[in-house]
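Residues per chain are reported as follows:
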Amino acid sequence: MNKKFFKYFREYRWSNVFAMIKNNHRDPEKCTDRFDNKLVVITGATSGIGYLTAKKYASGGADLLCINRNPGKSKALKEEIEKEYGVNCDYIIADLSRLDDIYNAGQKLAGIKDNIDVLIHNAGIYLTKRALTEDKLEKSFVIHYLSSFIINFLLVDKLKAQEKARIIYVSSEAYRFAAWGLRLDDLNWEKRRYTGLKSYGSAKLAQVLSMLVFDEHFHDSGVKINAMHPGAVKTDTGKDNGRFYRWFKRNFLDRSLRPAGISAEALYYLGVSDDVKSVSGKFFNLTTEEEPAPPALDREVADELWQKSLEISGLINEN
Ligand SMILES: NC(=O)c1ccc[n+]([C@@H]2O[C@H](COP(=O)([O-])OP(=O)(O)OC[C@H]3O[C@@H](n4cnc5c(N)ncnc54)[C@H](OP(=O)(O)O)[C@@H]3O)[C@@H](O)[C@H]2O)c1
């Protein structure tokens with residue numbers, strides 16, 4: 001059992017859980033402001049939420065820089081968006097499960113002369129079976145969490161110098177599946193039974209914890225960082241799993257899911273609206289702010305995770 005079990009148990013508040021259940025049925029706030037000539041970076045823009053969010057920002061006049069793993073889909077996206085909306089849509093090819101690709105993408109972003117107005121960490125995967133990356137790290141943890149950590153870390157100086165930027169994590173209420181906290185002693189799932197929901201929840205919890213530390217790094221700088229749950233929406237997520245899972249998703253799960261347009265609407269609001277321009281370090285369910293569950297507020301674990309992430313990613317000497 002996690003040593004934090006009793007601490008978190010005492011801190012859990014049912015009212016927050018009920019609020020989350022209620023919020024799951026709400027629609028997002030809408031923002032109708034234009035975002036002309038701003039630059040928006042989105043990871044995983046070739047499908048689902050990322051794709052619709054790219055289109056939403058392009059329809060508001062923003063230029064896009066997408067970080068995708070698939071060259072063919074990226075080219076098609078660029079052609080579609082540039083033709084339809086008359087904005088620029090460039091891309092960087094990076095497999096965000098590979099440390100070298102993540103590092104290269106982060107360095108390229110850090111070298112851009114233009115301001116990055118909004119950075120959306122969206123790329124994600126849902127795996128029912130444990131998989132390791134080429135760097136021998138658990139895949140879900142790397143794609144959801146470590147990639148966003150490394151990219152943010154490499155961008156701290158640039159974004160601070162810009163004096164204005166918004167970073168948004170496409171997180172998930174599923175961080176609650178890591179109900180008894182992050183197991184920093186077993187990030188690779190070697191000591192416990194792996195389940196898709198628990199590993200996904202842990203990776204999303206890591207995102208929210210790192211947001212707390214980045215928020216402090218950006219304090220007083222004009223850079224705002226928040227995390228959001230994009231709704232339970234119908235997308236291609238889970239496509240990397242076996243036939244049975246995909247059948248189950250198509251025939252059962254998908255029926256209860258909402259259209260992914262609500263996620264794009266919420267991400268536009270959080271990136272553009274003046275209503276949230278000063279908000280940082282918060283978790284939103286679509287566009288409703290929520291008090292996170294106790295494991296997602298644990299500063300001690302957030303600091304340990306930060307240190308561990310620097311070590312794993314080889315950034316320790318750049319701290
Ligand atoms: N759908 C939901 O109900 C829901 C709920 C909560 C949170 N979320 C989160 O929302 C985000 C988007 O998911 P989605 O539902 O839109 O799923 P999706 O349709 O499967 O889209 C995922 C995107 O991430 C990209 N991606 C996956 N692995 C990658 C890698 N190794 N390197 C670079 N890009 C990679 C995919 O690229 P390809 O096109 O090449 O596959 C795709 O563009 C995820 O972070 C997910 O956890 C979704």
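Computed from a predicted model, the values in this text were never measured in an experiment.

### Focus on the sheet that holds strand E5 (residues 165-170)
Remark on secondary structure: sheet strands pair via backbone hydrogen bonds, oriented parallel or antiparallel.
Item 1. Spatial strand order, E3-E2-E1-E4-E5-E6-E9-E10: eight strands in an open sheet with mixed pairing. Sheet topology places strand E3 (89-93) and strand E10 (288-290) at the edges, where each strand pairs with a single neighbour. Strand-to-strand twist of the sheet, defined as the mean angle between neighbouring strand axes without regard to direction, takes the value 25 degrees.
Item 2. In this structure, strand E1 (residues 39-43) lies alongside strand E4 (residues 118-121), joined through three bridges in parallel fashion. Looking at the pairing, valine 41 lines up with leucine 119 of E4.
Item 3. Along the sheet face, helix H2 (residues 14-23) touches strand E9 (283-285) and E10 and points at about 160 degrees away from the line of E10.

### Digging into the nonpolar core
Item 1. Within the largest apolar cluster, 88 residues are counted, with the highest numbers of intra-cluster contacts made by Val41, Ala54, Leu64, Cys66 and Leu209.
Item 2. For this core, the element with the highest residue contribution is helix H6 (residues 139-162), accounting for twelve residues.
Item 3. Here valine 41 is in contact with Leu65, Ile67, Leu109, Ile116, Leu119 and Ile120, once residues within four sequence places are set aside.

### Considering unusual backbone geometry
Item 1. The residue glutamate 163 is not glycine, and still its phi comes out positive at about 75 degrees.
Item 2. Looking at the secondary structure, you find glutamate 163 in the loop between H6 and E5.
Item 3. Notably, leucine 286 is not glycine yet its phi reads approximately 50 degrees, a positive angle.

### Some details on the pairing of E1
Item 1. With five of five residues buried, E1 is to be regarded as a mostly interior element.
Item 2. Of the two faces of E1, the one holding Leu39, Val41 and Thr43 and the one holding Val40 and Ile42 are both buried throughout.
Item 3. In this structure, E1 lies alongside strand E2 (residues 63-68), joined through five bridges in parallel fashion. Across the sheet, the residue bridging to leucine 39 is aspartate 63, located in E2.
Item 4. Regarding the hand of the β-α-β motif, the stretch spanning E1, helix H3 (residues 48-59) and E2 is right-handed.

Conventions adopted
- Residues numbered from 1 in each chain as written.
- Predicted model: local features only at pLDDT ≥ 70, side-chain atom pairs only at ≥ 80, totals over all residues.
- Pairing = 2+ DSSP bridges.
- Helix = DSSP H or I, 4+ residues; strand = E, 2+ residues; numbered from the N terminus.
- Axes fitted to C-alpha atoms, helices over the stretch in contact; angles between N-to-C directions.
- Contact = placed C-beta atoms within 7 Å.
- Core = buried A, V, L, I, M, F, W, Y, C linked by C-beta atoms within 7 Å.
- Buried ≥ 20, exposed ≤ 12 C-beta atoms within 10 Å, placed from the backbone.
- Right-handed = clockwise from strand over helix to strand, strands pointing away.

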